[in-house]
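These are the residues of each chain, in order.
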Amino acid sequence: QVQLVESGGGLVQAGGSLRLSCVASGSIFSINTMGWYRQAPGKQRELVTTITSSGSANYADSVKGRFTISRDNAKNTVYLQMNSLKPEDTAVYYCTYRQLGHDYWGQGTQVTVSS
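The rules behind each value
- Residues numbered from 1 in each chain as written.
- Predicted model: local features only at pLDDT ≥ 70, side-chain atom pairs only at ≥ 80, totals over all residues.
- Heavy atoms only, no water.
- Helix = DSSP H or I, 4+ residues; strand = E, 2+ residues; numbered from the N terminus.
- Rg over C-alpha atoms; globule rule 2.2 N^0.38 Å.
- Buried < 20%, exposed > 50% of the residue type's maximum accessible area, 1.4 Å probe, protein only.
- Contact = heavy atoms within 4.5 Å.
- Areas by Shrake-Rupley, 256 points an atom, 1.4 Å probe, with all protein chains shown as cover.
- Pairing = 2+ DSSP bridges.
- Polar contact = N/O pair within 3.5 Å; in protein donor to acceptor, adjacent residues only side chain to side chain.
- Phe/Tyr/Trp six-rings, centres within 6.5 Å; stacked < 30°, edge-to-face > 60°.
- Lys NZ or Arg CZ within 6 Å of the ring centre and 35° of its normal.

Would you mind showing me how to read the overall build of the protein chain here?
Looking only at helices and strands, one finds zero helices and 11 strands in the protein chain. Reading the protein chain from its N terminus to its C terminus gives the helix and strand order β-β-β-β-β-β-β-β-β-β-β. Here the C-alpha radius of gyration of the protein chain, 13 Å, is about what a compact globule of 115 residues would show, namely 13 Å. Over its C-alpha atoms, taken along the principal directions, the protein chain stretches across nearly 40 × 25 × 20 Å. Across the 115 residues that make up the protein chain, the buried fraction comes to 42%. Within the protein chain, contacts between residues at least 6 apart in sequence are counted, and of these 53% link residues at least 24 apart. Accessible surface computed for the protein chain: about 6100 Å², of which carbon and sulfur atoms make up 49%.

Here it is, written out as structure tokens:
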């Protein structure tokens, strides 16, 4: 089992920045993929970004150039730096962890961007 704890959400004005963090603990293997999904009210959960343990990242088109994912493998931690935030970025952001074909989810952290 893997447990994920997210932090860093909050309220920010449009154009501002936030940094989310997610710490993984438990049965951690060296080869894994971590990432972030988000779910806005009334919408389906969508992929934001993922990063492999070797550092390969991919992003949704809606966040390219504004969001940056990074990780510290020694700390089993993934970060999401969000810049130039827009009201449409408002959502609950969920940390994810995938290894050996299993997916794990965090409890989610609210990000609210005011116009």
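Please clarify how the pairing of strand β5 (residues 46-52) should be interpreted in this entry.
If a strand is regular, its side chains alternate between the two faces of the sheet. Relative to β5, strand β4 (residues 33-39) is paired through six bridges, and the arrangement is antiparallel. Within the sheet, the bridge partner assigned to Met 34 lies in β5 and is Ile 51. Counted along the chain from β4 to the antiparallel partner β5, the turn is six residues long, and its residue Gly 42 has a positive phi close to 75°. With three bridges connecting them, β5 and strand β6 (residues 57-59) associate as antiparallel partners. In the strand pairing of β6, Ile 51 is matched with Ala 57. Remark: four residues form the turn of the hairpin made by β5 and β6, two consecutive strands paired antiparallel; Gly 55 in that turn has positive phi of roughly 100°.

Looking at this model, I keep getting lost on the side chain of Thr 77. Mind explaining?
In this structure, Thr 77 sits in strand β8 (residues 77-82). Here Thr 77 falls in the buried class, since its relative accessible area comes to 6%. Polar contacts involving the side chain of Thr 77 include one to the main-chain carbonyl oxygen of Lys 75, which spans 2.8 Å. Residues in contact with Thr 77, not counting those within four places in the same chain, are Cys 22, Val 23, Ser 70, Arg 71 and Asp 72.

Would you mind going over the packing of aromatic side chains with me for this structure?
Aromatic ring pairs are defined here through the distance separating the ring centres and the angle between the ring planes. Under the definition given, this model contains three aromatic pairs. Summarising the aromatic geometry, the rings of Tyr 37 and Trp 105 are spaced 5.1 Å apart at their centres and angled 65° between planes, so their arrangement reads as edge-to-face. With Tyr 37 in strand β4 and Trp 105 in strand β10 (residues 102-105), the pair connects residues that are 68 residues apart, well separated along the chain. Exposure remark for Tyr 37: the relative accessible area of 26% places this residue in the partly exposed category. A relative accessible area of 41% means that Trp 105 is categorised as partly exposed. Taken together, a centroid distance of 6.5 Å and an interplanar angle of 80° make the contact between Tyr 94 and Trp 105 edge-to-face. Linking Tyr 94 in strand β9 (residues 91-99) with Trp 105 in strand β10, this pair joins segments that are 11 residues apart in sequence. Three or more aromatic residues joined by ring pairs form one cluster here, namely Tyr 37, Tyr 94 and Trp 105. Above the face of the Tyr 79 ring, Arg 19 is positioned so that its terminal group lies 4.1 Å from the ring centre. The cationic tip of Arg 45 hangs over the ring face of Tyr 94; the distance from NZ or CZ to the ring centre is 3.8 Å.

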